[in-house]
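The lines below spell out each chain.
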Amino acid sequence: MPPGITLAADTPTLSAANTGFMLICSALVMLMTPGLAFFYGGMVRVKSTLNMLMMSFISLGIVTILWVLYGFSLAFGTDSGSVIGWSSDYVGLSGIGLTELWDGYTIPVYVFAVFQLMFAIITPALISGALADRVKFTAWALFITLWATIVYFPVAHWVWGTGGWLFDMGVIDFAGGTAVHINAGAAALGVILVIGKRVGFKKDPMRPHSLPLVMLGAGLLWFGWFGFNAGSWLGNDDGVGAVMFVNTQVATAAAMLAWLAYEKIRHGSFTTLGAASGAVAGLVAITPSGGSCSPLGAIAIGVIAGLLCAMAVGLKYKFGYDDSLDVVGVHLVGGVVGSLLIGLFATGGVQSDAKGLFYGGGLEQLGKQAIGVFAVLGYSLVVSALLALVLDKTIGMRVSDDDEITGIDQTEHAETAYDFSGAGGGTGSRKAVPTPAVADSAAPTKKVDA
């Protein structure tokens, strides 16, 4: 994301083509949040499906209002101390002219604001996958409100806002490796360390209830991610967005294949869950780096991310933290990998002239990337844990054990994802054939994990 970089020497004028392109990209990024909801919703047990969907959808409501009221101003307003922004014209989006252009670009401020809004929406939604089955919905809604205000808006300013300290340092984050994925992954880790494990963690089977839903969600994410990544150059005037589009596809494919190869070698099978997770790992890793590398570099980044994220998802069993849907293993690890690899694979010929180690740039860019990675990781981890602790000690973050066992869909939403009340029944003249008594007594029973 390059705010403040001029595309041409002349004063920019409004471009209908770039404006239309960015509105389409904004819609694609918006679609990623429902895609994420399906992805996460299929990975949980039946009794938590609706809650998982709602944890993503509520972000569409809450963050949108916060962004209009003050979020855009905090993230992209006039810099104050290199840590936060503020512009009164952006409060309520009330002081923006209809055709007023985002500084140095050919798109209106309104278009830039709505594009960035979609990033702000999906970032807290990413956190929700780590908290499946056990968080009160009201507590989650309040957490989103506080987290977006205290964590996301300032970090977005650090990374992308003109005058932000990481932006001025030269840390490269094309579309959100630090501000989105490391930020969300570190937050997820901070919260789960506070709220603890699910009932039955490492004892009861907690398999995905609908792998087709997972694959549908992954497909929507992959599709929407082209807007997420290619749109982050804010225009189509110099071909950088086109390179990012290609690298997004290439790295995602490479990561998926690498994850599947690891699965086959380690576990003996190619799984649909592995294919979906590998694709998302590749998307995460190329998000910060795709504007700096070549397509061959994107293959390398995808393979490395696919392998390391596949290995990382098992760490929760080793270290005992309950990251329900592997947000830490995929988004935190993938974001760190993609951000750091800029320091190795940046060619100096795409987004900027910054070169990585493999292209003669030495270790300078790698050092900058490491500062960005660990600054965002540390800040988000600590503040998110503190927010969770405060909420847990006041209104309580978790549902009761009984409610968790019953199912959070029923206890928090008074609904179930699937209604089987009419399954197997029917009307008409056909008579029901009674099942022989021996079938009930002789057939083995099988416990179904809900």
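Keep in mind that this is a model prediction, so the values were computed, not measured.

1. Details of the overall build of the protein chain
Point 1. Check the secondary structure of the protein chain and you find 16 helices and two strands.
Point 2. Taken over C-alpha atoms, the radius of gyration comes to 23 Å for the protein chain, in line with the 22 Å a tight globule of 450 residues would show.
Point 3. For the protein chain, the C-alpha atoms occupy an extent of roughly 85 × 50 × 50 Å along the three principal directions.
Point 4. Classification of the 450 residues of the protein chain by burial places 55% in the buried group.
Point 5. A fraction of 77% describes how many contacts in the protein chain between residues 6 or more apart in sequence connect residues 24 or more apart.
Point 6. Approximately 18,200 Å² of the protein chain is accessible, and the part contributed by carbon and sulfur atoms is 66%.
Point 7. Each charge sign in the protein chain was given a centre, from 21 positive and 28 negative side chains, and these centres are 16 Å apart.

2. Structural notes on the side chain of His-331
Point 1. Positionally, His-331 belongs in helix α12 (residues 327-345).
Point 2. For His-331, a relative accessible area of 4% corresponds to the buried category.
Point 3. Discounting chain neighbours no more than four positions away, the residues touching His-331 are Tyr-40, Leu-126, His-181, Ile-182, Val-280, Val-284 and Asp-326.

3. Thoughts on the packing of helix α8 (residues 240-267) against helix α9 (residues 272-289)
Point 1. Between α8 and α9, the shortest axis-to-axis distance is 7 Å and the interhelical angle comes to 140 degrees. Here α8 lies oblique to α9, going by the angle between them. Both α8 and α9 take part in a crossing whose hand is right-handed. Together, Met-244, Asn-247, Thr-248, Ala-251, Thr-252, Ala-255, Met-256, Trp-259, Leu-260 and Glu-263 of α8 and Gly-274, Ala-275, Ser-277, Gly-278, Ala-279, Ala-281, Gly-282, Leu-283, Ile-286 and Thr-287 of α9 make up the contact between the two elements.
Point 2. Here the contact of α8 with α9 is composed, by residue class, of eleven nonpolar, eight polar and one charged.

4. Digging into the nonpolar core
Point 1. Phe-72 and Leu-131 are the most contacted members of the largest nonpolar core, which totals 112 residues.
Point 2. Broken down by element, the residue count for this core peaks at 16 residues, all from helix α4 (residues 137-160).
Point 3. In this structure, Leu-131 is in contact with Met-55, Trp-140, Val-191, Ile-192, Ile-195 and Ser-324, ignoring residues within four places of it in sequence.
Point 4. Residues Ala-285, Ala-298, Val-337 and Leu-341 belong to the second largest nonpolar core, which totals eleven residues.

5. Let's talk about the environment of Leu-344
Point 1. Here Leu-344 is to be found in helix α12.
Point 2. A C-alpha to C-alpha distance of 9.3 Å links Leu-344 and Cys-293, two positions 51 residues apart in sequence.

6. Considerations on the packing of helix α3 (residues 109-127) against helix α6 (residues 177-195)
Point 1. The contact between α3 and α6 brings their axes to 8 Å, and the two run at 30 degrees. In terms of orientation, α3 and α6 fall into the roughly parallel class. Considering the relative orientation of α3 and α6, their crossing is right-handed. Contact residues: α3 offers Phe-119, Thr-123, Leu-126 and Ile-127, while α6 offers Ala-179, Val-180, His-181, Ala-184, Ala-187 and Ala-188.
Point 2. Here the contact of α3 with α6 is composed, by residue class, of eight nonpolar, two polar and no charged.

7. Description of the confidence of the model for the protein chain
Point 1. Residue-level pLDDT values for the protein chain average 92, and 91% of them are 70 or greater.
Point 2. Counted against residues more than four places away or in other chains, residues 3-9, with its pLDDT under 50, gives 18 contacts.
Point 3. Note on residues 426-450: pLDDT under 50 across the span, and eight contacts to partners over four residues away in sequence or across chains.

8. A look at a nonpolar patch on the surface
Point 1. A cluster of nonpolar side chains, Leu-357, Phe-358, Tyr-359 and Leu-363, forms an exposed patch at the surface whose accessible area comes to about 400 Å².
Point 2. Topologically, Tyr-359 is positioned in the loop between α12 and α13 (364-394).

9. Some thoughts on helix α7 (residues 211-230)
Quick reminder: α-helices carry 3.6 residues per turn. Residues three or four places apart thus point the same way.
Point 1. Relative to the 28 Å expected for 20 residues at 1.5 Å per residue, α7 spans 29 Å between its end C-alpha atoms, a close match to the ideal helical length.
Point 2. At Gly-224, α7 shows its maximal kink, close to 30 degrees.

10. A closer look at the environment of Phe-115
Point 1. Considering the arrangement of structural elements, one finds Phe-115 in helix α3.
Point 2. Counting along the chain gives 82 residues from Phe-115 to Thr-33, while the straight-line C-alpha distance between them is 13 Å.

11. Quick word on the packing of aromatic side chains
Point 1. All told, the structure shown has 25 aromatic pairs when counted by the stated rule.
Point 2. Judged by centre distance (6.2 Å) and plane angle (85 degrees), the rings of Phe-76 and Trp-102 are edge-to-face. On the criterion of sequence distance, the pair formed by Phe-76 in helix α2 (residues 49-76) and Trp-102 in the loop between β2 (84-85) and α3 is long-range, its members being 26 residues apart. The pair formed by Phe-76 and Trp-102 is uniform in burial state, with each residue classed as buried.
Point 3. Taking the centre distance of 4.1 Å and the plane angle of 10 degrees together, the rings of Trp-102 and Phe-112 count as stacked. Taken together, the residues Trp-102 in the loop between β2 and α3 and Phe-112 in helix α3 connect sequence positions ten residues apart.
Point 4. We classify Phe-112 as buried; its relative accessible area is 0%.

12. Some remarks on the state of the cysteines
Point 1. Taken as a whole and assessed by the stated rule, the structure comprises zero disulfides.
Point 2. No disulfide involves Cys-25; its sulfur sits 18 Å from the nearest other cysteine sulfur, which is in Cys-293.
Point 3. Between Cys-293, a cysteine without a disulfide, and Cys-309, which holds the nearest cysteine sulfur, the sulfur-to-sulfur distance is 16 Å.

13. A look at unusual backbone geometry
Point 1. You will see that Ser-82, though not glycine, has its phi angle at about 70 degrees, which is positive.
Point 2. Residue position: Ser-82 is located in the loop between β1 (79-80) and β2.
Point 3. One non-glycine residue with positive phi stands out, namely Leu-234, at about 65 degrees.
Point 4. Structurally, Leu-234 can be placed in the loop between α7 and α8.
Point 5. Classification of Leu-234 as buried rests on a relative accessible area of 0%.

The rules we used
- Residues numbered from 1 in each chain as written.
- Predicted model: local features only at pLDDT ≥ 70, side-chain atom pairs only at ≥ 80, totals over all residues.
- Heavy atoms only, no water.
- Helix = DSSP H or I, 4+ residues; strand = E, 2+ residues; numbered from the N terminus.
- Rg over C-alpha atoms; globule rule 2.2 N^0.38 Å.
- Buried < 20%, exposed > 50% of the residue type's maximum accessible area, 1.4 Å probe, protein only.
- Contact = heavy atoms within 4.5 Å.
- Areas by Shrake-Rupley, 256 points an atom, 1.4 Å probe, with all protein chains shown as cover.
- Lys, Arg positive; Asp, Glu negative; His and termini not counted.
- Charge placed at Lys NZ, Arg CZ, Asp CG, Glu CD.
- Axes fitted to C-alpha atoms, helices over the stretch in contact; angles between N-to-C directions.
- Parallel < 35°, antiparallel > 145°, perpendicular 65-115°, else oblique.
- Left-handed = near helix turned anticlockwise from the far one by under 90°.
- Nonpolar A, V, L, I, M, F, W, Y, C, P; charged D, E, K, R; others polar.
- Core = buried A, V, L, I, M, F, W, Y, C linked by side-chain atoms within 4.5 Å.
- pLDDT = per-residue confidence, 0-100.
- Patch = residues over 30% accessible without salt bridge, like charges linked within 9 Å, V, L, I, M, F, W, Y side chains within 5 Å.
- Salt bridge = Lys/Arg side-chain N within 4 Å of Asp/Glu carboxyl O.
- Expected span 1.5 Å × (residues − 1).
- Bend = angle between axes of the 7 residues up to and from the residue.
- Phe/Tyr/Trp six-rings, centres within 6.5 Å; stacked < 30°, edge-to-face > 60°.
- Disulfide = S-S within 2.5 Å.

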